[in-house]
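# Breakdown of the fold
Here are the chains, one letter per residue:
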Amino acid sequence: MGQITLNAVRKSFGEVDVIPSIDLRIEDGEFVVFVGPSGCGKSTLLRLIAGLEDVTSGGITIDGTDATELPPAKRGLAMVFQSYALYPHMSVRKNIAFPLKMAGMTPEQQEAKVQSAAKVLNLTNYLDRRPGQLSGGQRQRVAIGRAIVREPKAFLFDEPLSNLDAALRVNMRQEITELHQQLKTTMIYVTHDQVEAMTMADKIVVLNAGRIEQVGSPLALYEHPANTFVAGFIGSPKMNLITGIEADKLGATTIGVRPEHLDIVAEGGWEGVVGLSEHLGSDTFLKVATKAVGTINVRAGGEIKLSHGDRVRLAPQAGKVHRFGPDGKTLA
Amino acid sequence: MARKSSTPAKVVVTAAAWGIGFLIFFPILWTILMSFHTEGDAIKSPFEMLTSPWNFDSYAEVQTRSNYSLHFFNSVVISVGSTLLALVIAIPAAWAMAFVPGKRTKDLLMWMLSTKMMPAVGVLIPMYLGFKNMGLLDTRTGLVAVMTLINLPIVVWMLYTYFKEIPGEILEAARMDGASLRSEILYVLTPMALPGIASTLLLNVILAWNEAFWTLQLTTHDAAPLTQFIASYSSPEGLFYAKLSAASTMAIAPILILGWFSQKQLVRGLTFGAVK
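Thresholds, definitions, all that
Residues numbered from 1 in each chain as written. Chains lettered and ligands numbered in written order. Predicted model: local features only at pLDDT ≥ 70, side-chain atom pairs only at ≥ 80, totals over all residues. Helix = DSSP H or I, 4+ residues; strand = E, 2+ residues; numbered from the N terminus. Buried ≥ 20, exposed ≤ 12 C-beta atoms within 10 Å, placed from the backbone. Contact = placed C-beta atoms within 7 Å. Nonpolar A, V, L, I, M, F, W, Y, C, P; charged D, E, K, R; others polar. Domains from an automatic or database assignment. Pairing = 2+ DSSP bridges. Axes fitted to C-alpha atoms, helices over the stretch in contact; angles between N-to-C directions. Parallel < 35°, antiparallel > 145°, perpendicular 65-115°, else oblique. Left-handed = near helix turned anticlockwise from the far one by under 90°. Core = buried A, V, L, I, M, F, W, Y, C linked by C-beta atoms within 7 Å.

This paragraph deals with the overall build of chain B. Broken down by element type, chain B carries 15 helices and zero strands. A burial count over chain B gives 34% of its 276 residues as buried. Pairs at least 24 apart in sequence give 78% of the contacts found in chain B among residues at least 6 apart.

Put into structure tokens, the structure is as follows:
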């Protein structure tokens, strides 16, 4: 089991309210990603759940029991840190066995669990090494190993992939997703990378300045962003947010069109000049300066042959224009 | 970047370094040299002394006149005992100051250090009377307690700086892994800070071994360490240079040897954290 509920959780450091008030329910077995720009309070929220920070007010329940005042060790959660936080003076074996030792298991039980975790994570040949003798990816695996042997109610990941290079990051991302499918344990994952959020999550929690902007599945957030913040944050490249006459025409303060929802047309639409074109093979990213709506990003097919200075006409696809009111919220 | 220096400059600097080193070591050297001569020869001019016959008479006499092993034992008990006791108290204290600092932690640290700035003689009377009333005069227990208290500020400060170097996330990881406070300090913090703890231990053993104010004031015989043993040879009745030197040599030899073998550890420990 691993059902976690936050009730009006508030956290302040001195005078500063980092998290004014958050209500959130995380279901057992869910993969939840907290995403938001740096300083939005996502790591603080994770640390509150972990028990590494005390809540200023409000409550946290884990599997129905009040965990607000419980120390981290008693919450039954495991955490993987950004810096991995491995014990440098212990071998990989001892690192992974540490939580088992703390739980009072016999050395035989510890060894059996370490062996099976090492097998899953391809660490069998490294058990006698120290963390200092491992690569970044291997250290990450040890940190995960240390988390899984405890069979926790939920895993907490605090930007675990940000210290890895791009290729390794994609691999580890898939490994963590597979691990989730295998273990079916609740996972809460903090990242500032919306690609990680989109690819891994069952449920994304978008945070901004300590507040939840929107909660939903990746596709729900992509298709129906609740406000301009979520609209701009989810999706890559970013949604074009347009104000002015074109927005007024549709009865909105701001309209949003995703780069992939703009078509290159022969007539009508917004006329503009290509400023930058990036050919990725599969896609072409264009930056087009238009008179009507300013500079906008377009995601076109890989076969498009446009370059700097070419004139194009762009039209948003039907039903793909998002309308936002003066408060930034989506209009019905 | 390495600085370039000419050969003559190197020679001058090297000579100066050796000169200063010799100057610092000279009193110890002279004490050792005097200890191998008779009382009569010891007070002669340096040249006459060095050319006079060498012998172990002073050492033999010191051995028969006083109980070296008792004083040596007392020194070991007082210096090692007080250091270990101080570590037991200081490790949790430094943990708290380094990882869960309060508003007044810095003030507290400064206040602890300020106690070292006070002249010890300022509290001699209350301390002496307190010791007398508690029956602690001339006891090893009393001396261990005093030495622990005297060195505690330094021990806490040193450990605090070592602990500050340890990333807090690792201790948080231990907490997440189910470690109690005791396990966290015992299995994670202490092993990681072991080099720092070792040099703190060494330095404080040396400081406590050499301490010669309280040990002289609060002991007479039973708990008297080697400092008292040396002092017993500088009496107003007469000059006992050779015996005094022999006693001094015997008193400082153990700590000199310890310092020599642990100098790498000491230097590493004392400069730990200075360069990153």
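This part covers the environment of Gly29 of chain A. Residues and elements named next belong to chain A. The residue Gly29 is located in the loop between strand E2 (16-26) and strand E3 (31-35) in this model. Owing to 16 C-beta atoms within 10 Å, Gly29 belongs among the partly exposed residues under this scheme. For the pair Gly29 and Thr185, spaced 156 residues apart in sequence, the C-alpha separation works out to 4.6 Å. Ignoring sequence-local partners within four residues, the contact set of Gly29 consists of Gly2, Lys184, Thr185 and Thr186.

Contact residues are listed per partner, giving 18 residues for chain A and 15 residues for chain B. Every element with two or more residues in the side of chain A that touches chain B is listed here: strand E6 (77-80) and helix H2 (92-102) of chain A. Classifying every residue of the side of chain A that touches chain B gives 15 nonpolar, two polar and one charged.

Let's shift gears to the domain arrangement of chain B. One can read the domain layout of chain B as domain 1 (7-59) and domain 2 (67-232). Measuring from the centre of the C-alpha atoms in domain 1 of chain B to the corresponding centre in domain 2 of chain B gives 35 Å.

All right, on to the environment of Glu169 of chain B then. Residue placement: Glu169 of chain B occurs in helix H9 (residues 168-176). Owing to 18 C-beta atoms within 10 Å, Glu169 of chain B belongs among the partly exposed residues under this scheme. Discounting chain neighbours no more than four positions away, the residues touching Glu169 of chain B are Phe81, Ser83 and Ala85 of chain A.

What follows deals with the sheet that holds strand E8 (residues 186-191) of chain A. Sheet strands associate in pairs through backbone hydrogen bonding, adopting either a parallel or an antiparallel arrangement. Residue and element names in this part refer to chain A. Spatial strand order, E6-E7-E8-E3-E9-E10: six strands in an open sheet with mixed pairing. Edge positions in the sheet fall to E6 and strand E10 (211-216), since each of these pairs with one other strand and no more. Taken pair by pair, the neighbouring strands of this sheet meet at an average axis angle of 15°, ignoring direction. Pairing of E3 with strand E9 (residues 203-208) involves four bridges; the strand directions are parallel. Its bridge partner lying in E9, Val33 is registered against Ile204.

Here the focus is the domain arrangement of chain A. Structurally, chain A comprises domain 1 (4-230) and domain 2 (238-324). Measuring from the centre of the C-alpha atoms in domain 1 of chain A to the corresponding centre in domain 2 of chain A gives 38 Å.

Attention now goes to the pairing of strand E1 (residues 4-13) of chain A. All names here are of chain A. Where E1 and strand E4 (residues 57-62) come together, five bridges link them in antiparallel fashion. Across the sheet, the residue bridging to Thr5 is Thr61, located in E4. Note that E1 and E2 share seven bridges and pair antiparallel. By the bridge assignment for E2, Ser12 is matched with Asp17.

Before going further, it helps to examine the packing of H9 of chain B against helix H10 (residues 181-192) of chain B. Residue and element names in this part refer to chain B. Contact geometry of H9 with H10 gives a least axis separation of 10 Å together with a crossing angle of 135°. Between H9 and H10, the angle falls in the class oblique. For the pair H9 and H10, the sense of crossing is right-handed. Along the contact surface, H9 presents Ile170, Leu171, Ala174 and Arg175, while H10 presents Glu184, Val188 and Leu189. Its residues assigned to classes, the contact of H9 with H10 shows five nonpolar, no polar and two charged.

All names here are of chain B. The contact between helix H6 (residues 105-114) and helix H8 (residues 140-164) brings their axes to 9 Å, and the two run at 140°. As judged from the angle between their axes, H6 and H8 are oblique. Judged by the twist between their axes, the crossing of H6 over H8 is left-handed. Of the residues in H8, those in contact with Leu109, Met112 and Leu113 of H6 are Pro153, Val156, Trp157 and Tyr160.

Turning next to the sheet that holds strand E5 (residues 65-66) of chain A. The strand order across the open sheet formed by four strands is E2-E1-E4-E5 (chain A), and the pairing between neighbours is antiparallel. Each end of this open sheet is capped by a strand with a single partner; those strands are E2 and E5 of chain A.

Here we take up the nonpolar core. Core analysis: the largest hydrophobic core is formed by 149 residues, its most contacted members being Val33, Leu156 and Ile188 of chain A together with Ala94 and Leu159 of chain B. Once residues lying within four places of it in the same chain are set aside, the contact partners of Leu159 of chain B are Ala90, Ile91, Ala94, Gly196, Ile197 and Thr200 of chain B.

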